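Descriptive analysis of the structure
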Amino acid sequence: MDKYKFRRQRLNELKNEHCDGKISTLAEKLKRSHSYVSRMLFDENKPNKKRIGDDMLDVISEAFGVSKAWLDGEIDIAEVPQDESTTTT
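Throughout what follows, the structure given in this document is the object of discussion. (Residues numbered from 1 in each chain as written. Predicted model: local features only at pLDDT ≥ 70, side-chain atom pairs only at ≥ 80, totals over all residues. Heavy atoms only, no water.)

1. Quick notes on the side chain of arginine 7
For arginine 7, the position within the fold is in helix α1 (residues 3–18). Using a relative accessible area of 2% as the deciding quantity, one classes arginine 7 as buried. For arginine 7, the side chain forms a polar contact with the side chain of aspartate 72, separated by 2.4 Å. Setting aside its immediate chain neighbours within four residues, arginine 7 contacts Ile52, Gly53, Asp54, Leu57, Leu71 and Asp72. (Helix = DSSP H or I, 4+ residues; strand = E, 2+ residues; numbered from the N terminus. Buried < 20%, exposed > 50% of the residue type's maximum accessible area, 1.4 Å probe, protein only. Polar contact = N/O pair within 3.5 Å; in protein donor to acceptor, adjacent residues only side chain to side chain. Contact = heavy atoms within 4.5 Å.)

2. Details of the packing of aromatic side chains
The tally for this structure, following the rule as stated, stands at 0 aromatic pairs. Just above the ring of phenylalanine 42 sits the side chain of lysine 46; from NZ or CZ to the centre is 4.2 Å. Positioned above the aromatic ring of tyrosine 4 is the side chain of arginine 51, whose terminal nitrogen or guanidinium carbon lies 4.3 Å from the ring centre. (Phe/Tyr/Trp six-rings, centres within 6.5 Å; stacked < 30°, edge-to-face > 60°. Lys NZ or Arg CZ within 6 Å of the ring centre and 35° of its normal.)

3. As for the packing of α1 against helix α4 (residues 54–64)
As a packed pair, α1 and α4 sit with axes 12 Å apart at the nearest point and diverge in direction by 30°. By the angle between their directions, the pair α1 and α4 is classed as roughly parallel. By crossing handedness, the relation of α1 to α4 is classed as left-handed. Where α1 approaches α4, its residues Lys3, Arg7, Leu11, Leu14 and His18 are matched on the opposing element by Asp54, Leu57, Ile60 and Phe64. Here the residues of the contact of α1 with α4 sort into 5 nonpolar, 1 polar and 3 charged. (Axes fitted to C-alpha atoms, helices over the stretch in contact; angles between N-to-C directions. Parallel < 35°, antiparallel > 145°, perpendicular 65-115°, else oblique. Left-handed = near helix turned anticlockwise from the far one by under 90°. Nonpolar A, V, L, I, M, F, W, Y, C, P; charged D, E, K, R; others polar.)

Written out as structure tokens, the structure is:
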């Protein structure tokens, strides 16, 4: 699996675990539009999908307090905050 697939998969995990599965909540945490975030989660073959580039990787890492290595699938265990009181905004 390439790093972009891992990034999309990890972003989806963060959405489900820390945003009640809502793209709107995820978009708010990332300070991006609902549409933009939704396109980052599109399937690889869907038109108009948005890859999660290095700049966005920094944004996601800071917003959720996770390592870039975890987002890229380089490590299996995440240092993901367990509640929103520990989440960096």
